[in-house]
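# Structure assessment
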Amino acid sequence: IYTPGKNLLVADALSRQPIPHHEEDSELAEEVDAYVHEISLVEINTSDENIVKVIQSQSQDPVCLQLRELLNKEWPSKTELPLELRDYYSVRDELCLIEGILMRGNRMIIPANLRNVMLNKLHEGHLGITKTRRRAQCTMWWPNISSDIERKIKGCPTCIQHTSNHHEPLLPSTLPDFPWQIVSMDLFKFESHWYLVVVDHFSRFFELAHLQRMRTTDIIRVCKELFSRHGIPARVCTDSGSQFQSLQSSEFQCFAREWGFATTTSSPHFHQANGAAEAAVKTAKSLLKKNKDDFEKALLAYRNTALETGFSPAELLYGRKLRDTLPFTRHAMVAKPNLSAFPEMEGEYRARYKRNYDRRHRCHELEPLRIGEFVWISDLKRHGQVVAILKEPRSYLIKTEKQTVRRNRYHLIPAPYLDELPGTVVDSAPVGPNESGSSTPAPQASRGTPVAEPAVEIPTAKKSRTSVPSKPAPTPKMLRPSPVRPAMQSVKPRRSQGSSTSVGPAPVAATRSGRPIVRPAHFRQNLLRVKS
Ligand SMILES: [Zn+2]
C-alpha cells in the first residue's frame, strides 16, 4: 500500500534517508562482513601461480585423482579403502571440488609432492607452532598437517637457535640429617670486591667472607676458618662455572681429601641446581646493598629471624636464639627450640615451594638426550654432540668444535638437522619413505659413535663470551661439504619426495660395504668458516 513519504514516521528500507546507527546494526554489519569474507575465501583466484601449482599437482597425484572419483559417492568402509585414502575417511563429507580444486571445506588439499614446499611457505617468518598451524587452517590441509608443522619447526635451525627450553620441574632436594652436613658455596662480586658465600642446606645459615684476592689459597683459608667454627661438612656443592675453576684445581681437591669432604658441582650457568647458594647470594647481596654501614648487624638480624618453618637459621644451627638488638626476656633466651617437628615442616615447605615453582615456570620434563645426538647449546650459541650422560641429574657432556663442555639439559636443544655434520658416524639403517611426504627427523646417530675421551675444559666466562659468534649459525645446507655429497648420494639416495627444501632426513653416510664414512677434520674447519 502506498503511503506518502511525509506521512512516514520512520524511514523504510528503500528510503535514501538512512536510519541513525544502532547497536544491533553494527552486529549485523559484522555478520555480513564475515559472510563476505567467507565467500571470498571460496572464490579462488585460479590465475595465482601458487594455485596453478596446486591444480597441476592435484591432477597428477594418484590420491587426489582417487578422491575425485569418490566425490559425491557412497564411500566404502574404512577398512575396504586403499591404505593411502584411509586418512581422508574421517573428512569425506567435507571434501568438495571448487573451481576444479579439490578442497576440504575451504582448505585446499595439498598433494604429497607439494607438502614440503607448502610447509616452507607456512613457516615463512618463523612463527611458532600454533601460529603456523593457524596460517594453514585458513588455506590448506593434508592428513597429519598438524604434526608435520610441529616436526618442521622442531627441526628448523633458525627456530632452534632462537628458542629456549622450558624450565624442568624442580628436583626435590632432601633435607640433610644434621646441620652443616651439606653446604653450598658461591662466589660473587659486589662493588668490585669478591665475596665467598657458604650456606648450610639444613639451616640456611650462611657465612659471608670478603676475599682479598680470588686465589685458591684464599678460598681454602676461608674454608678452614669456617670449618673450624662449624665443623667439616660431608659435602661441598659448587657451581662449575669459571669462577669456581679453582675448586677443581688439584690444590683444592688436595685440601678436600686432607680434611675429608666430598665436592660436587652443578652444570655451569645453571644456578637452579645450586639453589641454596643462589638464594643465599641474593640475600647477601641485598643485605650488603642496604646496609653499607653495619652489614654485620643486618646479618645477625637475618640469622636470628624465623624462616617459613618458624625456626631461625641460628636456632637450627646452634639450637639456641642469638641475642640481638631486640629486647628478649631471660626465659626466651634460655628456652631451647623444640626441633622435633622441623624435618616434617621443612619437607612440607619444600614440597610447596616445588609446586609453586613448577606452576610459576610452567615446568615440564624435557626428553632425555642420547649419546651421539646433536644439540644447539643455547647459552654458548654453538652446536655440539652429546658424548656422555653424567651421573648428576640432567647433566651432559657436549663436544663442540672447540672443546668439551658440561651443560644441564635446560641449555640443550636437539638439533636433528645436524645429523650429517662431518666427522660423525650416522646409523646406516635404511630410511623408509614417509607416507605424509613431509620432513621427519633423521635417524639418530648411533650409540657407538666413536668420540674422543672427553677432556672437560670448562670455558671461562670471558672465553665463552668472546667465542659466541655474532653471526648467524650455519644452515644445514651450508654445513654439507659439497665434495663428499656425491659419494653419500650414491650410497643412500635421498627420499623419493625430491623437494627442494632443506628439511628431511640426512642421507646416510656409509660406504657401499656399510662402513661408516668419517669425514676428515679439515672439513669441519671449512664449515666453521662457511658460517659467515
Ligand atoms: Zn623456523
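These figures come from a predicted structure and were not determined experimentally.

The next point concerns the sheet that holds strand 14 (residues 412-414). Pairing is antiparallel across the open sheet formed by five strands, whose spatial order is 13-12-11-10-14. Strands with a single pairing partner mark the edges of an open sheet, and in this sheet they are strand 13 (404-408) and strand 14. Shown here is a sheet whose adjacent strand axes are inclined to one another by a mean of 45°, direction ignored.

Protein coordination at the zinc ion comes from His123 (NE2), His126 (ND1), Cys156 (SG) and Cys159 (SG), with a distance range of 2.0 to 2.2 Å. One way to put it: the four donor atoms around the zinc ion meet at angles of 100 to 119°, and that makes the site tetrahedral. Every donor residue of the zinc ion comes from the same chain, spaced as H-x2-H-x29-C-x2-C. Taken together, the residues histidine 126 in the loop between helix 5 (115-122) and helix 6 (129-137) and cysteine 156 in the loop between helix 7 (145-154) and helix 8 (157-161) connect sequence positions 30 residues apart. What makes histidine 126 partly exposed here is its relative accessible area of 39%.

Another point: the nonpolar core. Counting 33 residues, the largest nonpolar core has Leu67, Ile110, Met140, Trp142 and Ile145 as the members making the most contacts within it. Looking at this core, the elements that each hand over two or more residues are helix 2 (49-60), helix 3 (62-70), strand 1 (95-98), strand 2 (101-104), strand 3 (107-109), helix 5, strand 4 (140-141) and helix 7. Among the elements that line this core, the one with the most residues is helix 3, at four residues. Excluding residues that lie within four positions of it along the chain, isoleucine 110 makes contacts with Val54, Arg115, Met118, Met140, Trp141 and Trp142. Among the nonpolar cores identified, the runner-up in size contains 21 residues, and Trp180, Leu226, Phe255 and Leu317 belong to it.

This part takes up the environment of proline 414. Its location among the elements puts proline 414 in strand 14. Its relative accessible area of 27% is what places proline 414 among the partly exposed residues. Expressed as a C-alpha distance, the spacing of proline 414 and valine 386, which sit 28 residues apart in the sequence, is 9.9 Å. Residues in contact with proline 414, not counting those within four places in the same chain, are Lys154, Ile160, Leu369, Glu373, Phe374, Val375 and Arg409.

Moving on: the pairing of strand 6 (residues 193-200). With six of eight residues buried, strand 6 is to be regarded as a mostly interior element. Relative to strand 6, strand 5 (residues 182-190) runs antiparallel, the two sharing eight bridges. Paired with valine 183 across the strands is aspartate 200, a residue of strand 6. Connecting the antiparallel pair strand 5 and strand 6 is a turn made up of two residues, with glutamate 191 showing a positive phi of about 45°. As defined by bridge partners, strand 6 adjoins strand 7 (residues 206-211) across six bridges and the pair is classed as antiparallel. Among the inter-strand pairings, tyrosine 195 is bridged to a residue of strand 7, identified as histidine 210. What sits between the antiparallel neighbours strand 6 and strand 7 is a turn of five residues, in which arginine 204 has the positive phi angle 60°.

Positive phi, normally seen in glycine, also occurs at asparagine 72, with a value near 60°. Within the fold, asparagine 72 resides in the loop between helix 3 and helix 4 (83-86). Residue classification places asparagine 72 among the exposed residues on the basis of a relative accessible area of 84%. The residue arginine 362 is not glycine, and still its phi comes out positive at about 45°. Here arginine 362 shows up in the loop between helix 16 (342-360) and strand 10 (374-377). Overall, the relative accessible area of 65% leaves arginine 362 in the exposed class.

Once that is clear, we can look at the side chain of arginine 115. Mapped onto the elements, arginine 115 comes out in helix 5. Within the buried set, arginine 115 has no salt-bridge partner at all; the shortest N-O distance to an opposite charge, 5.6 Å, is to aspartate 148. Side-chain polar atoms of arginine 115 contact the side chain of tyrosine 88, separated by 3.3 Å.

Moving on to the packing of helix 9 (residues 216-230) against helix 11 (residues 250-259). Where helix 9 meets helix 11, the axes come as close as 10 Å, and the angle between the chain directions of the two elements is 20°. Comparing their axes, helix 11 and helix 9 come out roughly parallel. Classified by chirality, the crossing of helix 11 by helix 9 is right-handed. Where helix 9 approaches helix 11, its residues Thr216, Thr217, Ile219, Ile220, Cys223, Lys224 and Phe227 are matched on the opposing element by Glu251, Phe252, Phe255 and Trp259. When grouped by side-chain class, the residues that make up the contact of helix 9 with helix 11 number seven nonpolar, two polar and two charged.

Once that is clear, we can look at the sheet that holds strand 6. Strand order in the open sheet formed by five strands is 7-6-5-8-9, and the pairing between neighbours is mixed. The open sheet has two edge strands, strand 7 and strand 9 (262-266), and neither has a second partner. When strand polarity is set aside, the average angle formed by the axes of neighbouring strands in this sheet is 25°. Strand contacts of helix 9: strand 5, strand 6, strand 7 and strand 8 (235-239), with the helix running at about 150° to strand 7, the strand carrying the most contacts.

For the rest of this paragraph, the subject is the confidence of the model for the protein. Mean pLDDT over the protein stands at 74; residues scoring 70 or higher make up 66%. Every residue in residues 421-512 is under pLDDT 50, and counting partners more than four places away or in other chains gives 185 contacts. pLDDT under 50 marks residues 517-532. Its contacts with residues more than four places away, or in other chains, come to 30 contacts.

This part is about the pattern of salt bridges. By the definition in use, this model includes 19 salt bridges. We note a salt bridge from aspartate 148 to arginine 151, for which the minimum N-O separation is 2.5 Å. Separated by three residues within a single helix, aspartate 148 and arginine 151 lie in helix 7, roughly one turn from each other. Residue arginine 394 is joined to glutamate 168 by a salt bridge in which the shortest nitrogen-to-oxygen separation is 3.3 Å. Separated by 226 residues along the polypeptide, arginine 394 in the loop between strand 11 (382-389) and strand 12 (395-399) and glutamate 168 in the loop between helix 8 and strand 5 bring together distant segments of the chain. Across the pair, exposure class does not vary: arginine 394 and glutamate 168 are buried alike. It is possible to trace a salt-bridge network through shared partners that takes in Glu207, Glu225, Arg229 and Arg303.

The next thing to look at is the packing of aromatic side chains. Two measures describe an aromatic ring pair: the distance that separates the ring centres and the angle between the ring planes. The final tally for this structure, using the stated rule, is 15 aromatic pairs. Judged by centre distance (5.5 Å) and plane angle (75°), the ring pair of phenylalanine 205 and tyrosine 318 falls under edge-to-face. Separated by 113 residues along the polypeptide, phenylalanine 205 in the loop between strand 6 and strand 7 and tyrosine 318 in helix 14 (residues 313-318) bring together distant segments of the chain. A residue is classified by how much of its surface remains accessible, and tyrosine 318, at 38% relative accessible area, is partly exposed. Plain terms: the ring middles of phenylalanine 227 and tryptophan 259 are 6.3 Å apart, the flat faces sit at 55° to each other, and that makes the pair tilted. Residue phenylalanine 227 is found in helix 9, and its partner tryptophan 259 is found in helix 11; the two are separated by 32 residues along the sequence. The exposure class of phenylalanine 227 is buried, given its relative accessible area of 2%. When its relative accessible area of 27% is taken as the criterion, tryptophan 259 is described as partly exposed. Feature note: the residues Phe227, Phe252, Phe255, Trp259 and Phe261 constitute an aromatic cluster, connected by ring pairs. Its guanidinium or amino end placed over the ring of tyrosine 89, arginine 92 lies 4.0 Å from that ring's centre, counting from NZ or CZ.

Conventions we followed
- Residues numbered from 1 in each chain as written.
- Predicted model: local features only at pLDDT ≥ 70, side-chain atom pairs only at ≥ 80, totals over all residues.
- Heavy atoms only, no water.
- Pairing = 2+ DSSP bridges.
- Helix = DSSP H or I, 4+ residues; strand = E, 2+ residues; numbered from the N terminus.
- Axes fitted to C-alpha atoms, helices over the stretch in contact; angles between N-to-C directions.
- Donors = N, O, S within 2.8 Å, 3.2 Å for Na, K, Ca; no water.
- Tetrahedral: all angles 85-135°; square planar, octahedral: opposite > 155°, others 65-115°.
- Buried < 20%, exposed > 50% of the residue type's maximum accessible area, 1.4 Å probe, protein only.
- Core = buried A, V, L, I, M, F, W, Y, C linked by side-chain atoms within 4.5 Å.
- Contact = heavy atoms within 4.5 Å.
- Lys, Arg positive; Asp, Glu negative; His and termini not counted.
- Salt bridge = Lys/Arg side-chain N within 4 Å of Asp/Glu carboxyl O.
- Polar contact = N/O pair within 3.5 Å; in protein donor to acceptor, adjacent residues only side chain to side chain.
- Parallel < 35°, antiparallel > 145°, perpendicular 65-115°, else oblique.
- Left-handed = near helix turned anticlockwise from the far one by under 90°.
- Nonpolar A, V, L, I, M, F, W, Y, C, P; charged D, E, K, R; others polar.
- pLDDT = per-residue confidence, 0-100.
- Phe/Tyr/Trp six-rings, centres within 6.5 Å; stacked < 30°, edge-to-face > 60°.
- Lys NZ or Arg CZ within 6 Å of the ring centre and 35° of its normal.

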